[in-house]
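# Geometric and topological summary
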Amino acid sequence: MSFLEILRALFEIAVLWLLFYQLYRVVKDSRAAAILAGLIVVVLLAYFVLELTHAAVLKELAGLIIGPGTILVVLFQPEIRNALAKFGSNKYLRRLLNQQVENQDFVTRVRDSVAYLVSKRFGALIAICRSNKLSEYTKTGTMLHAQYTRELIGTIFMPKTLLHDGAVIVDNEVIVSAASILPVSNRELKDRSMGLRHRAGIGLAEASDAVVIIVSEETGAVSLAVGNMVQRDINLDLLASRLTQLLYSHDTPDSDQENAL
């Protein structure tokens, strides 16, 4: 055996080990682990019997019916889907590819939650992290680490609840904290109708690269603050479009779409 053949054999062993190890990690703590163990025993016994009886036709038929790919897809569909989702959301993979995986479902959930806040006239301040993690601000609030849902956002910003004052900070599509205190902008604003909530949202946008959504309690108007710019009174469709662009695209935002304060 040549050196090249040895390298090829070692490569194949490494790839097979990696595949089987990842499959084991996916199913080890799930009900699928028991199913997989039972399936392996049944398949091995079946092939052993067919080999002893020299039933070539039955053996070929069994190979077609019980194909490895078919078994994995049918039995482990949820586990495979979860594993692919985790792989796709891995921060090192994103950094390697120099891009973020667009998650339109998250943008839709944010849009729906803002629509609910507007319909109820609940004032709100939602900061979505990008490269800056905002840890100095999350620790000023109540830590949650909860899934972002319309129901939870509506509950947090309901007036007179314990968490409605301050900001919700979202990182990696998860609500990290609520009632967090944000830095207030010191610059003079042209629009005198903007109160402390708007100043706090604009202050965080100035101090970081976060995307900040502000819902006015008085008017129900929605503002989006990024950097030194802010968009006032934007509709929900435009909000969703801008969030997709700002969170999942490396294109430079069009400054013509922004209104300076």
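A brief structural summary. Just so it is clear, the structure is predicted and the values come from calculations on it, not from any experiment.

### With respect to the environment of Ile128
- Structurally, Ile128 is set in strand β1 (residues 124–128).
- With a relative accessible area of 3%, Ile128 lands in the buried category.
- The spacing of Ile128 and Val174 is 46 residues in sequence and 9.3 Å in space, taken between C-alpha atoms.

### Observations concerning helix α11 (residues 236–248)
- Over its 13 residues, α11 extends 18 Å from the first C-alpha to the last, a length consistent with the 18 Å expected when each residue adds 1.5 Å.
- Listed in full, the buried residues belonging to α11 are Leu239, Ala240, Arg242, Leu243, Thr244, Leu246, Leu247 and Tyr248.
- Next to the buried residues of α11 lie α7 (104–120), β1, β5 (211–215), β6 (222–226) and β7 (229–231).
- A distance of 3.2 Å separates the backbone nitrogen of Asp237 from a side-chain oxygen at the start of α11, and that oxygen is part of Asn235.

### A word on helix α10 (residues 196–207)
- With twelve residues, α10 ought to run about 16 Å at 1.5 Å a step, and its terminal C-alpha atoms sit 16 Å apart, in line with that.
- Among the residues of α10, His198, Ala200, Gly201, Ile202, Gly203, Leu204 and Ala205 are the ones counted as buried.
- Its buried side turned inward, α10 meets β1, α8 (135–138), β5 and β6.

### Focus: the nonpolar core
- Ile126, Ile128, Phe157, Ile213, Leu224 and Leu243 are the most contacted members of the largest nonpolar core, which has 30 residues in total.
- If you list the elements that add at least two residues to this core, you get α7, β1, α9 (150–156), β3 (167–171), β4 (174–180), β5, β6 and α11.
- Broken down by element, this core gets its largest block of residues, six residues, from α11.
- Not counting the four nearest positions on each side in its chain, Leu243 is found in contact with Val107, Val110, Ile128, Val211, Ile213, Leu224 and Tyr248.
- Among the nonpolar cores identified, the runner-up in size contains 18 residues, and Leu182, Leu204, Ala225 and Val230 belong to it.

### Description of the pattern of salt bridges
- One pass over the full model with this rule turns up five salt bridges.
- A salt bridge links Arg111 to Asp237, with the shortest nitrogen-to-oxygen separation between them at 2.9 Å. Residue Arg111 is found in helix α7, and its partner Asp237 is found in helix α11; the two are separated by 126 residues along the sequence.
- On the basis of relative accessibility, which here comes to 25%, the residue Arg111 falls in the partly exposed class.
- One salt bridge in this structure joins Arg197 and Glu217, with 4.0 Å as the shortest N-O distance. Remark: Glu217 occurs in the loop between β5 and β6 and Arg197 occurs in helix α10; sequence separation between them is 20 residues.

### Here we look at the sheet that holds strand β2 (residues 142–147)
- Strand order in this open sheet of seven strands is β2-β4-β3-β1-β5-β6-β7, and the pairing throughout is mixed. In this open sheet, the two edge strands, each paired with only one partner strand, are β2 and β7. Each strand axis lies, on average, 20° off the axis of its neighbour in the sheet, ignoring direction.
- Judged from the five bridges that link them, β5 and β6 form a sheet pairing that is antiparallel. Within the sheet, the bridge partner assigned to Val211 lies in β6 and is Val226.
- Set on the sheet, α10 makes contact with β1, β5 and β6; between it and β5 the angle comes to about 175°.
- Strand contacts of α11: β1, β5, β6 and β7, with the helix running at about 15° to β6, the strand carrying the most contacts.

What counts and what doesn't
Residues numbered from 1 in each chain as written. Predicted model: local features only at pLDDT ≥ 70, side-chain atom pairs only at ≥ 80, totals over all residues. Heavy atoms only, no water. Helix = DSSP H or I, 4+ residues; strand = E, 2+ residues; numbered from the N terminus. Buried < 20%, exposed > 50% of the residue type's maximum accessible area, 1.4 Å probe, protein only. Expected span 1.5 Å × (residues − 1). Contact = heavy atoms within 4.5 Å. Polar contact = N/O pair within 3.5 Å; in protein donor to acceptor, adjacent residues only side chain to side chain. Core = buried A, V, L, I, M, F, W, Y, C linked by side-chain atoms within 4.5 Å. Salt bridge = Lys/Arg side-chain N within 4 Å of Asp/Glu carboxyl O. Pairing = 2+ DSSP bridges. Axes fitted to C-alpha atoms, helices over the stretch in contact; angles between N-to-C directions.

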